[in-house]
Amino acid sequence: MFDRKDLLGLKDLSGEEIFYILRIAASMKEKIDKPPLRDDSLGKANVATLFYENSTRTRMSFFAAGQLLGAQMSDLGVSTSSVNKGESLIATGKNLDEMGVNVMVLRHQLTGAAHLLAENVKASVINGGDGANEHPTQALLDLYTVLDYKKAFTGLKVAIIGDVSHSRVARSNVFGLVKLGAKPVLSGPPTMLDRRMETLGAEVEPDLKKAVRDADVVMGLRIQLERQKAAAFPDLREYTRFFGVDEKILELAKPDALVMHPGPVNRGVEMSCEVIDHERSVILEQAKNGVAVRMAVLTLLLRNTGVVKEAGKWQFL
Ligand code: CP
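Because the structure is predicted, anything quoted here is derived from the model rather than measured.

Engineer: I tried to follow the site of the ligand on my own but got confused; where do I start?
Structural biologist: As a structural note, the neighbourhood of the ligand is formed by Ser55, Thr56, Arg57, Thr58, Arg107, His135, Gln138, Pro262 and Gly263. Take Arg57: an N or O atom from its main chain is 2.9 Å from an oxygen atom of the ligand. Bound to the protein, the ligand loses 92% of the 260 Å² it would expose on its own. Residue classes in the shell around the ligand are distributed as one nonpolar, six polar and two charged.

Shown next as structure tokens:
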């Protein structure tokens with residue numbers, strides 16, 4: 001069961017809530033490829049995206065998700081909005097509330113921005129990534145993809161490699177994986193690792209080979225130059241030499257290990273082109289699963305707030 005007004009992170013969700021969202025996402029996925037199965041179940045809903053940071057996958061897949069279910073989608077267009085005249089996030093949200101927006105999908109550079117907005121607006125708020133804190137729908141689509149292939153989480157070793165300390169994707173995945181019984185192992189340059197993640201149930205292993213050995217999933221992370229206050233490594237070539245995932249490193253993982261990356265990928269930096277395009281790479285499937293997961297999240301939140309009463313042919317479980 002999942003009966004919240006907002007989706008702000010995986011930290012506060014139970015394993016049961018996560019599984020519930022993944023089950024609904026599975027029932028949504030076939031609508032992506034089969035237009036006759038689409039319905040107008042969110043036809044009365046008004047969904048707005050507020051992206052204070054750049055995005056391709058998250059923003060466009062929320063648009064696709066809403067449109068596939070008949071929602072009215074709009075984008076604030078932050079760079080041309082009154083944010084540039086100094087309007088605050090709360091004032092922006094309160095104005096959108098009065099215009100009848102039912103869901104606000106927020107991406108913001110500041111940790112806690114989504115929580116702040118959610119406390120101050122009537123609409124549901126979905127955290128589309130806040131600073132280095134959380135990116136819950138990314139982790140949900142990652143979990144969906146892992147479950148699709150591995151069928152269960154218990155005991156799975158998930159090696160998460162790269163700029164861990166700046167990664168909201170890594171944090172949300174750690175919360176989710178630990179709750180579902182998997183073992184996240186975090187690796188990268190010591191300057192990009194955060195030992196505090198051990199308190200969340202992750203293993204921190206600076207030795208890349210040890211981290212990848214016998215892994216069921218090898219997940220790369222984007223190097224977030226925009227969030228680094230000081231250079232965390234001498235140069236990109238140096239990073240790739242010691243922490244890039246190439247085919248030789250991948251061979252250390254289990255023979256059926258999945259290759260994942262939230263994107264955008266710096267090809268040849270975090271992962272070699274051969275690994276990105278490997279037959280076991282599910283990076284593009286992750287993008288597709290993101291649409292299904294966001295269809296589920298939009299539907300559930302709109303149901304929870306009473307905007308949607310009837311979900312078309314689809315039954316709430
Ligand atoms: N993975 C992810 O959040 O990608 P975007 O920044 O393109 O949304």
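Having put the structure on the table, let's press on.
Engineer: I would appreciate a short explanation of the packing of aromatic side chains in the present structure.
Structural biologist: Aromatic ring pairs are described here by two measures, namely the spacing of the ring centres and the angle between the planes. By the definition in use, this model includes two aromatic pairs. Ring plane angle 55 degrees and centroid distance 6.0 Å describe the contact between Phe19 and Phe153, whose orientation is recorded as tilted. Here Phe19 is found in helix H1 (residues 15-28), whereas its partner Phe153 is found in the loop between helix H6 (136-150) and strand S5 (157-161), with 134 residues between them in sequence. Ring geometry for Tyr239 and Phe243: centres 6.2 Å apart, planes at 35 degrees, overall tilted. Linking Tyr239 with Phe243, this pair stays in helix H9 (residues 236-243), spanning four residues, or about one helical turn. For the pair formed by Tyr239 and Phe243, the shared burial category is buried.

Engineer: Just checking my understanding: could you explain the sheet that holds strand S7 (residues 203-204) for this structure?
Structural biologist: Sheets are built from strands paired through backbone hydrogen bonds, the pairs being either parallel or antiparallel. A sheet is described by the order of its strands in space; here five strands give the open sequence S7-S6-S5-S8-S9, paired in parallel fashion. Edge positions in the sheet fall to S7 and strand S9 (258-260), since each of these pairs with one other strand and no more.

Engineer: Could you clarify how one ought to interpret the side chain of Thr58 in this entry?
Structural biologist: Following the sequence through the fold, Thr58 ends up in helix H3 (residues 57-68). The buried category is assigned to Thr58, whose relative accessible area is 3%. Engagement of the side chain of Thr58 in a polar contact is seen with the side chain of His135, the distance being 3.3 Å. The residues touching Thr58, leaving out its near neighbours within four places in the chain, are Phe51, Arg107, Gly128, His135 and Arg294.

Engineer: What's the story with helix H12 (residues 283-304) in this structure? I'm lost.
Structural biologist: Side chains three or four residues apart in an α-helix point the same way, a direct result of the helix having 3.6 residues per turn. Under the 1.5 Å per step criterion, the end-to-end length of H12 is 31 Å for 22 residues, consistent within 8% with the ideal 32 Å. Counting buried positions along H12 yields 17 of 22 residues, so the element is predominantly enclosed. Phi turns positive, to about 80 degrees, at Gly306, one or two residues after H12.

Engineer: I would appreciate a short explanation of unusual backbone geometry in the present structure.
Structural biologist: Across residues other than glycine, the phi torsion is negative in most instances, and most of the peptide bonds are trans. That bond from Gly263 to Pro264 is cis: its omega, -5 degrees, falls within 30 degrees of zero. Inspection of the secondary structure assignment puts Pro264 in the loop between S9 and helix H11 (273-276). Of note in the backbone geometry, Lys151 takes a positive phi value of approximately 70 degrees without being a glycine. Notably, Asp214 is not glycine yet its phi reads approximately 60 degrees, a positive angle. Structurally, Asp214 can be placed in the loop between helix H8 (208-212) and strand S8 (217-220). Assessed through its relative accessible area of 47%, Asp214 is described here as partly exposed.

Engineer: Quick question: what am I supposed to make of the side chain of Ser172 here?
Structural biologist: Examined against the element boundaries, Ser172 turns out to sit in helix H7 (residues 168-179). Apart from the residues within four sequence positions on either side, Ser172 is in contact with Leu10, Glu134, His135, Pro136 and Ala139.

Engineer: Could you clarify how one ought to interpret the environment of Gly129 in this entry?
Structural biologist: Examined against the element boundaries, Gly129 turns out to sit in strand S4 (residues 124-130). Remark: the alpha-carbon pair of Gly129 and Arg107, spanning 22 residues in sequence, is separated by 4.9 Å.

Engineer: I tried to follow the nonpolar core on my own but got confused; where do I start?
Structural biologist: For soluble globular proteins, the rule of thumb is that nonpolar side chains tend to be buried together. Formed by 66 residues in total, the largest nonpolar core has its most connected members in Leu140 and Leu186. Residue contributions to this core peak at 10 residues, all from H12. Once you skip the residues sitting within four places of it in the chain, Leu186 turns out to touch Ile160, Val164, Val174, Leu193, Met197, Ala202, Glu203, Val204 and Glu205. The next biggest cluster of nonpolar side chains, apart from the first, holds 21 residues, and it includes Val212, Met271, Ile276 and Ile283.

Engineer: Is there a simple way to explain the pattern of salt bridges in this structure?
Structural biologist: For side chains of opposite charge, pairing can occur when their charged atoms come near one another. Within the structure shown, the criterion is met by 12 salt bridges. Here Lys288 makes a salt bridge to Asp33, at a shortest N to O gap of 2.5 Å. Taken together, the positions of Lys288 in helix H12 and Asp33 in helix H2 (residues 30-33) put the pair 255 residues apart, joining distant regions of the chain. One salt bridge in this structure joins Lys122 and Glu98, with 3.2 Å as the shortest N-O distance. Here Glu98 lies in helix H4 (residues 89-98) and Lys122 lies in the loop between helix H5 (113-120) and S4, a separation of 24 residues in the sequence. The exposure classification of Lys122 matches that of Glu98, with both residues exposed.

So, how was this worked out
Think of each chain on its own: its residues are numbered from 1, step by step along the sequence as written. Per-residue local features of the predicted model are confined to residues with pLDDT of at least 70, and side-chain atom pairs are confined, for both listing and counting, to 80 or more; whole-chain, interface and lining totals are unaffected and use all residues. Excluded from the side-chain calculation are hydrogens and water; included are all heavy atoms of the structure. When we say a residue is near a molecule or strand, we mean one of its heavy atoms is within 4 Å of it. As used in this structure description, the phrase polar contact means that two N or O atoms lie within 3.5 Å; if the pair is within protein, one of them must be able to donate a hydrogen and the other to accept it, and residues adjacent in sequence are counted only when both atoms belong to side chains. Each accessible area is a Shrake-Rupley estimate made with a 1.4 Å probe; only the visible protein chains count as cover when residues are assessed. Note on residue categories: nonpolar means Ala, Val, Leu, Ile, Met, Phe, Trp, Tyr, Cys or Pro, charged means Asp, Glu, Lys or Arg, and polar means any other residue, Gly included. Side-chain rings of Phe, Tyr and Trp (the six-membered ring for Trp) are treated as a pair once their centres are within 6.5 Å; stacked means planes under 30 degrees apart, edge-to-face means over 60, and tilted covers the remaining angles. Put simply, DSSP marks the helices as runs of H or I at least four residues long and the strands as runs of E at least two long, and each gets a number from the N terminus on. Each residue is placed in one exposure class: buried if its accessible area under a 1.4 Å probe, protein chains only, is under 20% of its type's maximum, exposed if it is over 50%, and partly exposed if it falls in between. Two strands make a pair as long as DSSP finds a minimum of two bridges between them. Note on contacts: a residue pair is in contact if any heavy atoms of the two residues lie within 4.5 Å. Expected span of a helix: the number of residues minus one, times 1.5 Å. For our purposes a nonpolar core is just a set of buried Ala, Val, Leu, Ile, Met, Phe, Trp, Tyr and Cys residues, chained together by side-chain atoms within 4.5 Å. Salt bridges are defined as contacts in which a side-chain nitrogen from Lys or Arg sits within 4 Å of a carboxyl oxygen from Asp or Glu.

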